[in-house]
Amino acid sequence: MISYLIRRILIAVVTLILITFVIYGLIRSIPGDPITVDMAQSDPSRSLSPEDRKRLEKIYGLDKHWTIAYGQWIGNLVRLEMGQSISRKLPVARLIRDRLLPTLLLSVSSLLITYILCIPLGLWITVRDGTVGERALSTGLYMLYSLPSFVAALFLQLLLSVKLGWLPLMGMVSDDYEQMSLLGKTWDIFKHALMPAACFTYGSLAYYTRFVKSNMMEVVRQDYVRTAKAKGVTPVGVVWKHAFRNTLIPLVTLIGLTLPALLSGAVILEQIYSWPGMGSLFFASIRERDYPTIMGLTLVFSALTLLGQLLADLLYAVVDPRVTYS
Amino acid sequence: MLIQINSSQRFLSGSFGRECLAGICLAVCLLSAACEKSSPDESLLAESASHGAEPAEERETLIEPFDPPTLEELDAQVTWIDKPVLDAMNVSREDQEISGPPSATVDEALALRNDSFDANATIVDALGRLPADDQAVNWESQFLRRLEGDVKSTNPLMQSSTVESEVLKYFSVYLHSYDWNMKPFGNANYVETWQTSEDGLYDKIVLRDDMVWSDGEPMTAFDVEFSYRTIMDPAIPIPAVRTGTDKLRWVQAYDERTIVYFHREASATNVWDMWLPLVPRHIYKDSIAEDPTLQTSEYHVKYEQLPVVGGPYKITRRVRGQEIVLERRDEYYMHQGQQVRGKPHFKKLLFRTILDPNTALLALRTGEVEECSMTPDQWLGQQPGDSFDKLNIKASGLQWVYFFIGWNCQSPFFNDKRVRWAMTYAYDYREMLDVIYQGLYEPCNNLFHPDSWMAPDPPLPMIQQDLGKSVELLRQAGWTDTDADGILDKEIHGEQVPFEFTILVAQRPDRIKCCALLQESLDRIGIICHVRPVEFTVLQQKNRDHEFQATMAGWGTGTDPYSNENIFATEEDRNYGVYSNPRVDELFAEGKAMLDPVKRAKIYGEIAKLLYEDQPYTWLYFRNAFYGFNRKLRGYRFSPRGPYSYGPGSDSLWKSAAAVSH
């Protein structure tokens, strides 16, 4: 098990180097640099002179070839430094530290909610296959799956904030957050997180529920299930003990694939909800060509994705006793 | 399932050695590259370390050596002419008095729906007024504003975007201001007297003696000189703020209140060159040597978060990417128990960063922000009786922001001005104004708005679509359909080239439609036009690198027409289309040197005429400013640079003590 872990971690490090190398090459090849955006946004009376532009390029290291700049970035990373954000004038590590928790709050809670809900829903529609209730729920799930999250986000804002006034429109905390008790603060964040978390969740919930159902439908046709039924096992026992456990492995596989999807979803949803997470920072950084921040976020996103995949592989052994890594 | 896992394990085991080897090789290469050179920041710090032992005044500088005369020598040598020193609020108030009483009461204006030019004029006239007296103002109120992007730095020297200037103007100190006509004057909040030498080479400013920074230290002329020197320090990553300041020869503080600006030449633009933001010398004089980035050291990070300021407000809270809270500084308007300046109208300002324009509009509806710029679609989308009206009212104003299609004058298609004129005649302006922009925008045919002092007199004729003229001009320029394939062509360098080009445009639906309109018209006369929407930053870089045939973009107005030199003079930085006309270059130089405003206006009018004749751009429209304001707000007035960017601008907004929400 230990040797397997070490092997996976080593491969993850190599993968991370390759990912960051390719991404750095790509972002440096896209037209525009951090100064381009600054110049476009500045007062027309105060256009940056070519001499000052060259000075800034030198200061920010933009005058060097991207392979050398990438080498410097990796060198810094080995010394546990992610560099300085060009546009935000802050260390990238600090920027990410401030933004990591809000993003994880949404993505992890969304992942948990998805898994907690998709299993009973999936089992229910398997058991009720062909009934009106199952058809209605399945149709609803298809509709949810095909509804873009940014459209749903706007609808929810209009309904729950503007029309009904039940939930805050945006942000992560209220203006008087600092004056609240611990319970009040928790409740405040919960209220703010509800809409974005719902938007994060419904698509994957619909997909996972359908996934559980289709896997279950395949498994319930197997001989051993028929045998269990013939032996007089109760319908719940058949579904739960004999059928469902065999659908767990592909479900666990999805954990590793869901995390990147959640993180990429954060890019748009965080912007709509003014949620101060890594997604909105990523979006702004790409537009600003803030290379150090883009690289820092790419690294964190990639590491989280690889971590998710490793976790999924380890969970195989938990859900299936036949799998062993020793 | 078991087989699947095993094969997965085999894959991992089999490829492990190869992958690791490749990874290690790559890592070694990269690390060795990294070791060759330290990071950009570190190299900068290493460079700055060499300055560390030097006193701040002896650091490397972009200022050329100069030995300034003593003040006595200067006073004996030159004749000083007094220049206006004004309180922007009083200027605005006097202007309102001259214009007479408003055309409607506040209640009448608030009862209107802003669905016509007349209704808009009435609303802005009635609600845009300054308070009649102090009792009218709710001095304890807070103003909730929307920010379209994050404020990346609170240091006025480091500001690079209009978003930052929106916030920083509330706590930054500028010794000059300008009114809604962009006429400059000394800022009476900080300046006692301002004089210019008769030969135009010197400006002398005497500061008021009742100014203090937010940490209680007095603000002096030495802060002005220090700010100038800091801006001219090449090790500091100063963005566009240095532009203009670098035209000054020298800035000298003679005592705590007297500062003299030395110019290289007499110029109408000298006043704009003196436009520099002030930073407190006592905070930065020793720390810059240690950290010239002004953003890395703990010390600078602390002042970046909560800066020491001299303006009417100070920052009390800043959560990056979310909000900034400013509070009124009592020591700004009170001095030794006396009120010495106008009291800022709001006790508190809260800026919320809302990137998404739809969310911003919803926030306006729920009252989470009290002002927000609107897109034309949002402006038209607010229906009678919807929730928008409960809290808000719309107001619009003309802006001198024009949009155009720029032609690359080096391209074989557009190096002939007859072809550029053919493009201009091919455009369907009516369709653009009436259908795409639904009558909200004004047509534009040159770089100056007809209301501006520098607009050509008489006005240049507006152009209407005329495809017949287009075809004729193209024929004269040699573009005909020789091979009868329906596409115009021409022999260029011995090769028959079809007229097929691409127009770059930002990914904005309305602008894409504007380009598609040209595409449709050109299709009718045998020209293939491809419309290529690209990301904004890509568009900027392509334009800067002249890597386009045609591009759609827009320019806002500077405070002075000389800023257009940068756009239209030969080989200038923002001359994306590589346009060149020696006479235009000469006129820009003349316009800068000319001190007589009437003659100066004629020079810029002549420039507009020449540009009109050459058509480096096909000018399309002036983009108006559309805003939603909370019904409690008063005092908004639109300038050519929007409702905020002038004196008093954002300072003139206030909330009524009656605080009646209609």
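This text goes with the structure placed above it.
In this report, we go over the structure that sits alongside the text. Everything numeric in this text was worked out from a predicted model, so none of it was measured. (Residues numbered from 1 in each chain as written. Chains lettered and ligands numbered in written order. Predicted model: local features only at pLDDT ≥ 70, side-chain atom pairs only at ≥ 80, totals over all residues. Heavy atoms only, no water.)

### Here's the deal with the overall build of chain B
Scanning chain B from terminus to terminus reveals 24 helices and 27 strands. Along the three orthogonal principal directions, the C-alpha set of chain B runs to about 85 × 80 × 65 Å. Residues classed as buried in chain B amount to 58% of the 662 residues present. Considering only residue pairs separated by 6 or more positions, chain B has 70% of its internal contacts joining residues 24 or more positions apart. Element-wise, carbon and sulfur atoms account for 51% of the exposed surface of chain B, whose accessible area totals about 27000 Å². A gap of 5 Å separates the mean positions of the 66 positive and 99 negative side-chain charges of chain B. (Helix = DSSP H or I, 4+ residues; strand = E, 2+ residues; numbered from the N terminus. Buried < 20%, exposed > 50% of the residue type's maximum accessible area, 1.4 Å probe, protein only. Contact = heavy atoms within 4.5 Å. Areas by Shrake-Rupley, 256 points an atom, 1.4 Å probe, with all protein chains shown as cover. Lys, Arg positive; Asp, Glu negative; His and termini not counted. Charge placed at Lys NZ, Arg CZ, Asp CG, Glu CD.)

### Quick notes on the side chain of Arg511 of chain B
Residue and element names in this part refer to chain B. Its location among the elements puts Arg511 in helix H20 (residues 509-524). Here Arg511 is buried and forms no salt bridge, its nearest opposite-charge partner Asp510 lying at an N-O distance of 4.6 Å. Not counting chain neighbours up to four residues away, the residues in contact with Arg511 comprise Phe403, Tyr437, Val505, Ala506, Met552, Tyr621 and Arg623. (Salt bridge = Lys/Arg side-chain N within 4 Å of Asp/Glu carboxyl O.)

### Side note on the state of the cysteines
All names here are of chain B. Within this structure, the stated rule accounts for zero disulfides over all chains. Free of any disulfide, Cys514 has its nearest neighbouring cysteine sulfur in Cys515, separated by 6.7 Å. Cys514 gets classed as buried once you look at its relative accessible area, which sits at 0%. Note on Cys515: relative accessible area 0%, which makes it buried. (Disulfide = S-S within 2.5 Å.)

### Description of the packing of aromatic side chains
Residues and elements named next belong to chain B. Within this structure, the stated rule accounts for 57 aromatic pairs over all chains. Both rings, one in Phe66 and one in Trp250, keep their centres 5.8 Å apart while their planes meet at 50°; by these two values the pair is tilted. Highlighted residues: Phe66 in the loop between helix H2 (40-52) and helix H3 (71-77) and Trp250 in strand E8 (residues 248-253), separated in sequence by 184 residues. Overall, Trp250 belongs to the buried group, its relative accessible area being 11%. Of the aromatic side chains, those joined through ring pairs into one cluster are Trp379, Phe403, Tyr437, Tyr441, Tyr621 and Phe626. (Phe/Tyr/Trp six-rings, centres within 6.5 Å; stacked < 30°, edge-to-face > 60°.)

### Considerations on the packing of helix H5 (residues 92-127) of chain A against helix H8 (residues 182-219) of chain A
Residues and elements named next belong to chain A. Packing of H5 against H8 brings their axes to within 6 Å, and their N-to-C directions diverge by 40°. For the pair H5 and H8, the crossing hand works out as right-handed. By residue class, the composition of the contact of H5 with H8 is 20 nonpolar, seven polar and two charged. (Axes fitted to C-alpha atoms, helices over the stretch in contact; angles between N-to-C directions. Left-handed = near helix turned anticlockwise from the far one by under 90°. Nonpolar A, V, L, I, M, F, W, Y, C, P; charged D, E, K, R; others polar.)

### Re the interface of chain B and chain A
Opposite the 85 residues of chain B that make contact, chain A presents 79 residues. Summed over both sides, the interface of chain B with chain A buries roughly 7100 Å², with 60% coming from carbon and sulfur. Here Glu178 of chain A makes a salt bridge to Arg317 of chain B, at a shortest N to O gap of 3.8 Å. Every element with two or more residues in the side of chain B that touches chain A is listed here: helix H1 (2-36), H2, strand E14 (348-353), helix H14 (357-366) and helix H21 (536-544) of chain B. Per element, the largest residue contribution to the side of chain B that touches chain A is 15 residues, and it comes from H1 of chain B. Its residues placed into classes, the side of chain B that touches chain A shows 34 nonpolar, 29 polar and 22 charged. (Buried area = accessible area lost by both parts, 1.4 Å probe.)

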